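Fold and contact review
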Amino acid sequence: MFKKILIANRGEIACRVIKTARKMGIATVAVYSDADRNALHVQMADEAVHIGPPPANQSYIVIDKIMEAIEATGAEAVHPGYGFLSENPKFAEALEAAGVAFIGPPKGAIEAMGDKITSKKIAQDAGVSTVPGHMGLIEDADEALRISEDIGFPVMLKASAGGGGKGMRIAWNADEVREGFQASKNEAASSFGDDRMFIEKFVTQPRHIEIQVLCDGQGNGVYLGERECSIQRRNQKVVEEAPSPFLDEETRRAMGEQSLALAHAVGYASAGTVEFIVDGDRNFYFLEMNTRLQVEHPVTELITGVDLVEHMIRVAYGETLSLAQGDVKLNGWAIESRLYAEDPYRGFLPSIGRLTRYRPPEETPDYLPGVVPQAPVVRNDTGVYEGGEISMYYDPMIAKLCTWGPSRAEAIEGMRQALDGFEVEGIGHNLPFLSAVMDHPKFVSGDMTTAFIAEEYPDGFEGVTLDETELRRIAAACAAMHRVAEIRRTRVSGRMDNHERKVGKGWVVTLGGARFEARIEADRDGADVTIDGEILRCESAWTPGDTLARVAVSGEVIVLKVGKITQGFRVRTRGADLRVHVRTPRQAELAALMPEKLPPDTSKMLLCPMPGLIVRVDVAEGDEVQEGQALAVVEAMKMENILRAEKKGRVSKVNAAPGDSLAVDDVILEFE
Amino acid sequence: MKDILTELESRRTEARLGGGQRRIDAQHAKGKLTARERIELLLDDSSFEESDTFVAHRATDFGMDKERPAGDGVVTGWGTINGRLVYVFSQDFTVMGGSVSETHAAKIVKIQDMAMQNGAPVIGLNDSGGARIQEGVMSLAGYGDVFQRNIDASGVIPQISVIMGPCAGGAVYSPAMTDFIFMVKDSSYMFVTGPDVVKTVTNEVVTAEELGGASAHTKKSGVADAAFENDVEALAEVRRLVDFLPLNNQARVPVRPFFDDPGRIEDSLDTLVPDNPNMPYDMKELIEKLADEGDFFELQADYAGNILTGFIRLEGRTVGVVANQPMVLAGCLDIDSSRKAAKFVRFCDAFDIPLLTLVDVPGFLPGTSQEYGGVIKHGAKLLFAYGEATVPKVTVITRKAYGGAYVVMASKHLAGDFNYAWPTSEIAVMGSKGAVEILYRSEFGDADKIAARTADYEDRFANPFVAAEKGFIDEVIMPHSTRKRVARAFASLRQKRQERPWRKHDTIPL
């Protein structure tokens, strides 16, 4: 076996590979840019080599720098992770020339699958079902229109070199083809430097389902079931699962066998993924093949008990695949939630900064990739740590939280609790959104398409509204917690003997627009909280100051993120963010007299999106501004952020001047 | 006998109704609670013992003898907050607008005297239209009596003012001399002269809210320590503050059970200070990670943000915190921040509350506005306050400690008990760039030479070890163990006693 391998990547995937390498007794070499000097993958690896400045095009994707690191450390093989150099044939070539093993497929397979048009042709030849469409390159809009009419609307216009949704458009009629073709072509030219376009049928009710394959290049290969990745936002996967709730055994086998046929056709070795689009009638069409380890590979590992990275390393070393198709058994259900540093309340804007708190839920001890789970599993693949920095240079994904359960329902329930117990502070992140998905009826029933997010959250995400039963449970838990905190307050020194404060039994809890009257009878192990005649038994190890409360409410565990507010708590759970007030009946009666103060209308203001220094204000009072016009520049963390007008308007007031130091949501400009 | 008892009940009932239901409703309509409702919220359930319920004024002019309501516009007495004794007066706006008469003032004076005698805080809930004009100089005499008690009680018992309605004219000077002023947003204001007078004298048109509302005093003047959304929240937060305070200057700081390991390690603090010395970071994160249960009662949060002041607990005991905030003006000292911190340091020293100082200070803010404003004298207040403080003083330098500001910030030279430094600290006369410009003026044109000199200077001074060699730093500590080190330091200082020579009082540069 290899003695030492280099991981040409960063973040969670570098950490993931190091874990398996360590299990196999292989020494590891990390590479890092200036921004990653203190990163987790650097700390985990046996050795680390600095490869340049933060931007990836000056460090992680510079082949020469990786080659120098290999030479300096004597690594015998390279695992490329995903992204960066993982599907770059030139990199595979350079390694080959240097006599270093590439832990990935042969160069030829990468090249063959790297181009959308070529790969589709090869797939067709290998007997893989493909989307009806025009395989050739398209010259102009007229030709595009003619082809579209042949295929039948709707059609999808796609850039050959496309990805991430760029250079991609759906056209429902002739006009849209004409407009979309040129726009996509321009986008492709500017994004990829390659404006080749093709057209295919647009599949309705599409689901994204992909097959994991593993081959050794010696004629052996297996498929390891599928993953469904239909929960996507702008083609960025958010939630994945394995298996798919939609496939039947027959379709699975057909997809698996076709995928293997394709893999063999290109002489594939290593782990790879064949992506399909599946319509409402379970017709499946080849999309593309990813010649690398996928981000969402853990769900496959969880249901198969196969360590994909280990097999990749063994195959790269020249070993024969130790698995036969008959060995592959799908066991239980696994879900992956991608934790992104994106603020769901601000249109999923990337958020950067310091992780002042980062406490993932407790992972299942003893679980390692390659183990077949027997009991529910929580697995968190991450590349960050508390006190670390989320920088603007790389992917905003900070962790992949996976849960496994014997059934889909159990995996989902495990995920709900794991998300509730995941503490992330200091940056905006999508945890509440992920929680919302886990409780969404369409997701729970498995009835989803790739349009799930766009259709269910057309105006973005505005938090979750919990139903009364859930609010009642939270109210009971908070009442019990508040009572404990209040009793502690009465134990302060300096009190008048025999005239101590008695903490009462009756409380009024208000949260999320609801009001509950609670009566607490506490004992040694917990409290009976009576609300509307119903006794909710609350038991918890929570003590004042704990930021996480696991409370068994009548036997059902709820997990609350708890912060202190006046007379109560800020509680975050299940995607909701609640201000929970717990008051004595008299306090509540008087609090009800207080005027409700509505937050100021900020729709006509330009707010500072982050703490920072005003570098420039580009407009003056009375100026007419157009949508998209630059209004001001805020420097935060040495970065100049240009703030633009969201809509047309006239500036009525300028509240900030260059040099001012502003906090989040400070008003910079007001509009008429 | 029965009749007499009944009469007491009916007189009490009448007194408790203050200015009557109509005025109570009007008070509620303004989003304000009544004087008695406020006391209910401030004190523990059923703990209020009222005194002077039946006091009535003695005025006769202007037909005043026709209306002599029981209590005379202020409710006074004592009660408990979490079982600890406090004295309270609460002005009743429903009774003659809460105006201050001779007898109204006498009621306040009575509880001030009781509080002094029995060593317990006084909490004043202010909601008054001002002097009772019908009483003329008797009213002013009343104010004067209250002022004198405020002065006598200063540094003896904590005095807390909550402004919950108007507080104008001479009336402002009683709160002004107390230790804490809290306000209620949108329903309270305080000013020496109101908008009408302002208009007459200066032609300036301004609303009461703009002139003396919660926003003006928490953000611009720094007169108020905090403002809260409404009466209920304000009173709950005053209870929270009282939990931090000793009852008087002879009492120990309160201790309460805590659920936080004093030895808790915070690895994330090792990365708090950014690699780039010009990058800010949030000092509040350090305070919250040091404190028991992350609980920080911040004072003057919206004023002079370049310094942070407030209370935390360590091992359940109150500690006052002063910290430079690199997020605002790089954490430098200036007029406002010096005054803000000096006031806080003196309060803590007066009441035997140990002081924790967290230092990241590049120096004093330069400029004509600072010099003309008297930064020399104002900066000296903080220096003086630290130097005269005899309470346990523990200091942690996280990054910059430059120049005179280093000495000011509870350095070893001002009788600091423990001065710790993180490995990231730089204790020097000034930053390397400035120092090299002065030391090597002749080489100024030569960029290479200057760069080399700067690097030399950094090697020599951009660390805590030069100061540690001299003993000015007691120990260089790991950031992650700061809570443990600081908690242990304070634990060792619990019996600290330091005497000062006799003097009538000092002559702090006011």
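About the cut-offs
- Starting from 1, residues in each chain are numbered consecutively following that chain's sequence as written.
- Think of it this way: whatever chain is written first is A, whatever ligand is written first is 1, and the rest follow in order.
- Only residues with pLDDT of 70 or above have their local features reported here, since the model is predicted, and side-chain atom pairs are shown and tallied only from 80 upward, although totals for entire chains, interfaces and linings are computed over all residues.
- Side-chain numbers here rest on the full set of heavy atoms in the structure, without hydrogens or water.
- Strand pairing is assigned whenever DSSP detects at least two bridges linking the two strands.
- Per the convention used, a helix needs a DSSP run of H or I reaching at least four residues, while a strand needs a run of E reaching at least two, with both numbered from the N terminus.
- To get an axis, a line is fitted to the C-alpha atoms, and for a helix only the part in contact is used. The angle between two axes follows their N-to-C directions and goes from 0 to 180 degrees.
- Annotation comment: domain bounds sourced from an automatic or database domain assignment.
- Between Lys or Arg on one side and Asp or Glu on the other, a salt bridge is scored when a side-chain nitrogen of the former is within 4 Å of a carboxyl oxygen of the latter.
- To estimate the expected span of a helix, count its residues, drop one, and scale the result by 1.5 Å.
- Categorising residues by exposure relies on relative accessible area from a 1.4 Å probe, with only protein chains included: less than 20% of the type maximum marks a residue as buried, more than 50% marks it as exposed, and the intermediate range marks it as partly exposed.
- Along the arc lie the directions from the helix axis toward the C-beta atoms.
- By definition in these notes, contact holds between two residues if any of their heavy atoms fall within 4.5 Å.
- Side-chain atoms alone can form a polar contact between residues adjacent in sequence; in general such a contact is a pair of N or O atoms within 3.5 Å, and within protein one must be able to donate a hydrogen while the other accepts it.
- Classification of ring pairs uses Phe, Tyr and Trp, with its six-membered ring standing for Trp, and accepts pairs whose centres are within 6.5 Å; under 30 degrees between planes counts as stacked, over 60 as edge-to-face, and the remaining range as tilted.
- Our definition puts a charge over a ring when NZ of Lys or CZ of Arg is within 6 Å of the ring centre and also within 35 degrees of the ring normal.
- When two parts are put together, the accessible area they lose, computed with a 1.4 Å probe and summed over both, is reported as buried area.
- Gly falls in the polar group here, along with every residue not listed as nonpolar (Ala, Val, Leu, Ile, Met, Phe, Trp, Tyr, Cys, Pro) or charged (Asp, Glu, Lys, Arg).
- Roughly parallel refers to an angle under 35 degrees, roughly antiparallel to one over 145, roughly perpendicular to one between 65 and 115, and oblique to any angle outside these ranges.
- Less than a right angle of anticlockwise turn of the near helix away from the far helix marks a crossing as left-handed, whereas a clockwise turn marks it as right-handed.
- A patch is a set of surface residues, each over 30% in relative accessible area and not in a salt bridge, joined within 9 Å for like charges and within 5 Å for the nonpolar side chains Val, Leu, Ile, Met, Phe, Trp and Tyr.
- Exposure was quantified through the Shrake-Rupley algorithm and a 1.4 Å probe, taking into account, for residues, occlusion by the shown protein chains and nothing else.

Residues and elements named next belong to chain B. Read from one edge to the other, the open sheet built from 7 strands follows the order E1-E2-E3-E4-E5-E7-E9, with strand pairing classed as mixed. Of all strands in the sheet, those with a lone pairing partner are strand E1 (49–51) and strand E9 (226–228), marking the two edges. Averaged over all pairs of adjacent strands, the angle between their axes in this sheet comes to 20°, without regard to strand direction. As paired elements, E1 and strand E2 (residues 74–81) share 3 bridges and run antiparallel to each other. Each bridged residue has a counterpart across the sheet, and for Ser51 the counterpart in E2 is Thr76.

Domains assigned within chain B are domain 1 (2–244), domain 2 (267–425 + 463–492) and domain 3 (431–462). With centres defined by C-alpha atoms, the gap from domain 1 of chain B to domain 3 of chain B works out at 60 Å.

Residue and element names in this part refer to chain A. In total, this model carries 95 salt bridges over all chains according to the counting rule given. Among the salt bridges present, the one from Arg379 reaches Glu301, with a minimum N-O distance of 2.8 Å. Taken together, the residues Arg379 in strand E20 (residues 377–382) and Glu301 in helix H10 (residues 297–304) connect sequence positions 78 residues apart. Here Arg537 and Asp528 are joined by a salt bridge, their closest N and O atoms 3.2 Å apart. Three or more residues are tied together by salt bridges with common partners; here these are Arg16, Lys23, Glu301, Asp307, Glu310, Arg314, Glu319, Arg379 and Asp381.

Turning our attention to helix H17 (residues 447–461) of chain B. Residue and element names in this part refer to chain B. With 15 residues, H17 should cover 21 Å at 1.5 Å per step; its first-to-last C-alpha distance of 21 Å lies within 8% of that length. Of all the positions in H17, only Ile450, Thr454 and Tyr457 are classed as buried. End-on, the buried residues of H17 take up no more than an arc of 65°, which puts them together on one face. Exposed and facing more than 90 degrees away from the buried side of H17 are Asp448 and Asp459. Where the residues of H17 are buried, they touch strand E16 (426–428) and helix H16 (432–439). At the N-terminal end of H17, a side-chain oxygen is found 3.2 Å from the backbone nitrogen of Asp448, two or three residues along, and the residue is Asp446.

What follows is about the sheet that holds strand E39 (residues 667–671) of chain A. Residues and elements named next belong to chain A. Taken together, the 4 strands give an open sheet; going across it, the order is E32-E39-E37-E34, and neighbouring strands pair in antiparallel fashion. The open sheet has two edge strands, strand E32 (605–607) and strand E34 (624–625), and neither has a second partner. Bridging between E32 and E39 involves 3 bridges; their strand directions are antiparallel. In the sheet register, Leu606 faces E39, and the bridge partner there is Leu669.

This next bit is on the packing of aromatic side chains. Inspection of every chain in the model, using the stated rule, returns 29 aromatic pairs over all chains. Three or more aromatic residues joined by ring pairs make a cluster, and in this case those are Phe180(B), Phe182(B), Phe228(B), Phe244(B), Phe297(B), Phe311(B), Phe344(B), Phe347(B) and Phe351(B). Here the guanidinium or amino end of Arg282(A) rests over the ring plane of Phe246(A), the centre of that ring lying 4.5 Å away. One Lys or Arg, Arg485(B), reaches over the ring of Tyr420(B) and ends 5.6 Å from the middle of that ring.

On to the interface of chain A and chain B. Counting from both sides, the interface comprises 38 residues of chain A and, opposite them, 47 residues of chain B. Counting the surface lost from both chain A and chain B, the interface buries some 3,500 Å², and carbon and sulfur atoms represent 55% of this. Taken together, the links from chain A to chain B amount to 6 salt bridges. For Glu40(B), the salt bridge is made with Arg586(A), and the minimal N-O distance between the two is 2.7 Å. Here the side of chain A that touches chain B gets 4 residues from one element, more than from any other, and that element is helix H17 (residues 585–591) of chain A. Considering only residue class, the side of chain A that touches chain B consists of 11 nonpolar, 14 polar and 13 charged.

Turning to the packing of helix H5 (residues 107–114) of chain A against helix H6 (residues 116–125) of chain A, a few remarks are in order. All names here are of chain A. Taken N-terminus to C-terminus, the directions of H5 and H6 make an angle of 105°; their axes are 5 Å apart at the nearest point. Regarding the angle of H5 to H6, the classification is roughly perpendicular. Facing Ala112, Met113 and Gly114 of H5, the residues of H6 in contact are Lys116, Thr118, Ser119 and Ile122. For the contact of H5 with H6, a count of residues per class yields 3 nonpolar, 3 polar and 1 charged.

Residue and element names in this part refer to chain A. Within strand E31 (residues 576–583), 6 of the 8 residues are buried, which leaves it mostly tucked inside the rest of the structure. Alignment of strand E24 (residues 506–511) against E31, held across 3 bridges, turns out to be antiparallel. The residue bridging Val509 from the neighbouring strand is Val582, located in E31. Adjacent in sequence and paired antiparallel, strand E30 (residues 568–573) and E31 are bridged by 2 residues, among which Arg574 carries a positive phi angle near 50°.

Before going further, it helps to spend a moment on the domain arrangement of chain A. For interface size, the figure often reported is the accessible area lost on association. Split by domain assignment, chain A resolves into domain 1 (4–103), domain 2 (132–201), domain 3 (207–456), domain 4 (468–591) and domain 5 (605–671). Here the C-alpha centre of domain 3 of chain A lies 30 Å away from the C-alpha centre of domain 2 of chain A.

On to the packing of helix H3 (residues 35–42) of chain B against helix H10 (residues 231–242) of chain B. All names here are of chain B. Contact geometry of H3 with H10 gives a least axis separation of 9 Å together with a crossing angle of 40°. Taken together, the axes of H3 and H10 are oblique relative to one another. Considering how the two elements wind past one another, H3 and H10 form a crossing that is right-handed. Every residue of H10 that contacts H3 at Arg38, Leu41 and Leu42 is listed here: Asp231, Val232, Leu235, Val238 and Arg239. Among the residues making up the contact of H3 with H10, the classes are represented as 5 nonpolar, no polar and 3 charged.

The next subject is helix H1 (residues 11–23) of chain A. All names here are of chain A. A rise of 1.5 Å per residue sets the reference length of H1, with its 13 residues, at 18 Å; its end C-alpha atoms lie 19 Å apart and thus fit the reference within 8%. Counted residue by residue, H1 has 10 buried out of 13 residues, so it is predominantly covered. Taken together, the buried positions of H1 are occupied by Gly11, Glu12, Ile13, Ala14, Cys15, Arg16, Val17, Ile18, Thr20 and Ala21.

Our next topic: a nonpolar patch on the surface. Residues and elements named next belong to chain A. Residues Ile352, Met392 and Tyr393 make up a contiguous nonpolar surface patch of roughly 240 Å² in combined accessible area. Within the secondary structure, Ile352 is located in the loop between strand E17 (349–350) and strand E18 (353–354). The partly exposed category is assigned to Ile352, whose relative accessible area is 33%.

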